[in-house]
Amino acid sequence: MASLLPMQCVASLRKPGSLIHLRGAASLGINKRNYSSKKAAASGEYLNHSVVPSMHYQKSLPRLPIPKLEDTVRRYLAAQKPLLDDDQFRTTEKLTQDFQSGVGKQLHEELVAQDKKNKHTSYISGPWSDMYLSARDSVVLNFNPFMSFNPDPKTEYNDQLVRSTNMVCSAVRFMKTLRAGILEPEVFHLNPAKSDTDSFKRFIRWVPSSLSWYGAYMVNAYPLDMSQYFRLFNSSRIPKTGRDELFTDEKARHLLVMRNGNMYVFDVVDKDGNLVEPAEIQSHLKYILSDSAPTAAFPLGVLTSENRDVWAGLRNKLVAAGNAEDLWVVDSALFCLSLDDESMTDHIHISHNMLHGDGCNRWYDKSFSIILTKDGQAAINFEHSWGDGVAVLRFQNEIFKDTTEKPLVHPGSAAAAVDSSSAVRRLQFNLDSEVETGIQKAKENFDSAVSKLTIDALEFKKGGKQQLKKSKLSPDAIAQLAFQMGFLRQYGQTVATYESCSTAAFRHGRTETIRPASVHTQRCAHAFVCEPGQHSVEQLQGLLSECSKYHGQLTREAAMGQGFDRHLFAMKYLANSQSQALHSLYSDPAYTAINHNILSTSTLTSPAVNLGGFAPVVPDGFGVGYGVHDDWIGCNVSSYPDRNVHDFLQCVHKSLEDIFTVLEGKALS
């Protein structure tokens, strides 16, 4: 199945600007972590011991540039061109020119001045964070994506108890490695033979951190921002009326486990900061898996799927009823492990279960949850406000590698002979009738929302990355072109399309939008779909090449912070924050339409990831996760009733067939 990344998302957002709570909880009787650096990197405690400190490059990362206003206007109009008729385009062009010479010029100058005063961060970080935390829609379907793990190649290690124990142990090892500052820094190597070497690492570690980025740059290596990583563990999104907050308590040592809607906690780190014995963790998980407690009649987790203001109000009632301590236990847990009693039937079943599940055995507000089904299928579902897919994917890759190469428990391993009944605590909440009614209502709303979602998948086996590169074409450009052709074939039009692009090469970078729908894809799609017999093979190959070159340019620009979406968004945010009347550019139907992303797309390939997915971002849209592999292309696509996802994938498949036929030098029939 496709290796895809969830991201309307994936790389979407957050960190600074968020409210951090670091609160003591000695009064709550919860054990706290005491990190000591006395212990060297013992094999059981750390994933690796990087010569270069984890945050070595952070201080010298370049700042995210604010594009020139004239470039943003030019790029915006280029993206609007294929979406508008001539009259609409002329109207939008006039509005944009008026914006550029008046209000826009002033807002841009203010944004630049503000950015110069805040050199510790990026111009988009605060506004982007605010956008996520102020959104009142449910995080389920609207924001949280999932990425499923590939199965362990040693099938006997996919047992639910064995795999969950190994994943918990590896996750703790990752956390300890990160917090000890010995996790390898995240670096994009363009010439790994020069930069990804022991000799370079030994050299760069002595370069002051204020200059280290430049040293890496000299050998074509690009360190990436790691400022989001601290939110991976012990973190939750807390519902508040109007705007949520992010909470992190790095001292907490316990894990949250959910099964049948019941919530359990036990320590996975001891008082000296060491990983609890894997056999003990296995014993505790075995105890939870065999607990005969009935399925929760009022599963609290479903409240995290509610409208944020509704959930905030109910949470206040929970606190007033004496549940503050246990809510803190949930919020401060290292992460959430959801153990599902169901086995998966196929990839579609996996997608539904990992994206949303039944709503009862999840705590969607945790920074991330590892979900493990009865047959050992595993995935990560993550809350999007705190960070992008970059940190989560690094974590997933490391966990997969560690659990498959260095598992700490094995099939047949004996669980420790410990009293799990005293070490594991099942949380018991005081619920009044109002909260119980709120839980029932939340479940009804959840069931109604997920019942409308359809997911379908495609595997195109007649070609992939190798053949496209041989033809000097960008694999991503061709995949995006196939979506444009598919939509044109199905619905006869070109629509707003979003592709997420990380700007993690910059300090506190978030994402930028690539706009794959262009005059080039429109021209090419029209030729392939509407008039295939009227063009020679050479002409069609030429159109493919034009699309590839232009998409490559858009991708490079976005990765360098030179798109238009974030710049326009930041100026709008600035005007709103000053209670200024918005320029009519922002009320132009064309601006509304280009931000109503009917095709929301995100790509990822990784040895750890089997497939990923997310819901559409608009009711009449598609959520397209995809991966272009060496000799095949996979898509995992979601839709609501307004669109037919099965027919869309058939049209995409036909488009890919036509493209590869032309690349083989054959005419279209």
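Conventions we followed
- Residues numbered from 1 in each chain as written.
- Predicted model: local features only at pLDDT ≥ 70, side-chain atom pairs only at ≥ 80, totals over all residues.
- Heavy atoms only, no water.
- Phe/Tyr/Trp six-rings, centres within 6.5 Å; stacked < 30°, edge-to-face > 60°.
- Helix = DSSP H or I, 4+ residues; strand = E, 2+ residues; numbered from the N terminus.
- Buried < 20%, exposed > 50% of the residue type's maximum accessible area, 1.4 Å probe, protein only.
- UniProt positions renumbered as here; feature names shortened; annotations may be inferred.
- Salt bridge = Lys/Arg side-chain N within 4 Å of Asp/Glu carboxyl O.
- Axes fitted to C-alpha atoms, helices over the stretch in contact; angles between N-to-C directions.
- Parallel < 35°, antiparallel > 145°, perpendicular 65-115°, else oblique.
- Contact = heavy atoms within 4.5 Å.
- Pairing = 2+ DSSP bridges.
- Disulfide = S-S within 2.5 Å.

### So, the packing of aromatic side chains
Then, in step 1: Considering all chains together, one arrives at 25 aromatic pairs under this definition.
Then, in step 2: Between Phe487 and Phe622, the aromatic rings sit 6.4 Å apart at their centres with planes inclined by 80°, giving edge-to-face as the arrangement. Note that Phe487 is positioned in helix H16 (residues 475–491) and Phe622 in strand E17 (residues 622–628), a separation of 135 residues in sequence. The two residues Phe487 and Phe622 agree in class, both being buried.

### Here we look at the UniProt feature "domain: Choline/carnitine acyltransferase" (unreviewed entry) in the protein chain
Then, in step 1: Per the UniProt entry, the sites bearing "domain: Choline/carnitine acyltransferase" (unreviewed entry) are residues 64–653 in this numbering.
Then, in step 2: Annotated as 45% helix and 15% strand, the span residues 64–653 places its first and last C-alpha atoms 38 Å apart.

### A few points about the pattern of salt bridges
Then, in step 1: Applying the stated criterion across every chain yields a total of 37 salt bridges.
Then, in step 2: Across the salt bridge formed by Arg425 and Asp326, the nearest N and O atoms sit 3.3 Å from each other. Remark: Asp326 occurs in helix H10 (residues 308–332) and Arg425 occurs in strand E11 (residues 425–426); sequence separation between them is 99 residues.
Then, in step 3: Take Arg425: its relative accessible area is 32%, and that puts it in the partly exposed class.
Then, in step 4: On the basis of relative accessibility, which here comes to 10%, the residue Asp326 falls in the buried class.
Then, in step 5: Taken together, the shared-partner salt bridges connect Arg136, Arg237, Asp244, Arg308, Asp309, Asp365 and Glu383 into one network.

### Observations concerning the packing of helix H3 (residues 103–117) against helix H19 (residues 565–577)
Then, in step 1: Between H3 and H19, the shortest axis-to-axis distance is 10 Å and the interhelical angle comes to 90°. Classified by the interaxial angle, the pair formed by H3 and H19 is roughly perpendicular. Of the residues in H19, those touching H3 at Gly104, Leu107, His108, Glu110, Leu111 and Gln114 are His567, Ala570, Met571, Leu574 and Ala575.

### Considerations on the pairing of strand E16 (residues 609–613)
Then, in step 1: Buried residues dominate E16, accounting for five of its five residues.
Then, in step 2: Two strands pair when backbone bridges link them, and strand E1 (residues 146–149) and E16 are joined in this way by four bridges, in the antiparallel orientation. Across the sheet, Met147 pairs through a bridge with Gly612, a residue of E16.

### What about the sheet that holds strand E7 (residues 262–267)?
Then, in step 1: Pairing in this open sheet of eight strands is mixed, and the strands run E11-E7-E6-E8-E9-E10-E1-E16 from one edge to the other. Both outer strands of the open sheet, E11 and E16, are each paired with one neighbouring strand and no more.
Then, in step 2: Of the pairings in the sheet, the one linking E1 to strand E10 (residues 378–382) comprises three bridges and is antiparallel in character. If you follow Ser148 over to E10, its bridge partner there is Ala379.
Then, in step 3: Contacting strand E6 (254–259), E7 and E11, H10 crosses the sheet at an angle of about 100° to E6.
Then, in step 4: Contacts between helix H12 (residues 389–405) and the sheet are confined to E1, strand E9 (368–372), E10 and E16, with E1 contributing the most and set at about 10° to the helix.

### Some thoughts on the packing of helix H2 (residues 86–101) against H3
Then, in step 1: Contact geometry of H2 with H3 gives a least axis separation of 3 Å together with a crossing angle of 50°. The angle between H2 and H3 places the two elements in the oblique class. Contacts between H2 and H3 involve Asp98, Phe99, Gln100 and Ser101 on the former and, on the latter, Val103, Gly104, Lys105 and Leu107.

### With respect to unusual backbone geometry
Glycine aside, the phi torsion of most residues is negative, and most peptide linkages are trans.
Then, in step 1: The phi angle at Asn220 is positive, at roughly 65°, despite the residue not being glycine.
Then, in step 2: Note that Asn220 resides in the loop between helix H8 (212–218) and strand E3 (221–223).
Then, in step 3: Its relative accessible area of 33% is what places Asn220 among the partly exposed residues.
Then, in step 4: Even without glycine at this site, Lys472 takes up a positive phi of about 60°.
Then, in step 5: Positionally, Lys472 belongs in the loop between helix H15 (465–470) and H16.

### So, the sheet that holds strand E18 (residues 633–639)
Then, in step 1: Ordered in space as E12-E18-E17-E15-E13-E14, the six strands form an open sheet in which the pairing is mixed. Across the chains shown, the open sheet's two edge strands, defined by having one partner strand only, are strand E12 (454–460) and strand E14 (511–514). Strand after strand, the sheet turns through a mean of 25° between neighbouring axes, direction not considered.
Then, in step 2: Sheet topology note: the E12/E18 ladder contains seven bridges and is antiparallel. Bridged to Glu459 within E18 is Gly634.
Then, in step 3: Against the sheet, helix H11 (residues 347–355) touches E12 and E18, its axis set at about 130° to E12.
Then, in step 4: On the sheet, helix H21 (residues 645–663) packs against E12, strand E15 (599–603), E17 and E18 and is oriented at approximately 15° with respect to E12.

### Considering the UniProt feature "active site" (unreviewed entry) in the protein chain
Then, in step 1: Mapped onto the present numbering, the UniProt feature "active site" (unreviewed entry) falls at His384.
Then, in step 2: Along the chain, His384 turns up in the loop between E10 and H12.
Then, in step 3: The class for His384 is buried, based on a relative accessible area of 0%.

### A few points about the state of the cysteines
Then, in step 1: Within this structure, the stated rule accounts for zero disulfides.
Then, in step 2: Free of any disulfide, Cys360 has its nearest neighbouring cysteine sulfur in Cys336, separated by 13 Å.
Then, in step 3: With no disulfide partner, Cys530 has as its closest neighbouring cysteine sulfur the one in Cys524, 11 Å distant.
Then, in step 4: Residue classification places Cys530 among the partly exposed positions, given a relative accessible area of 44%.

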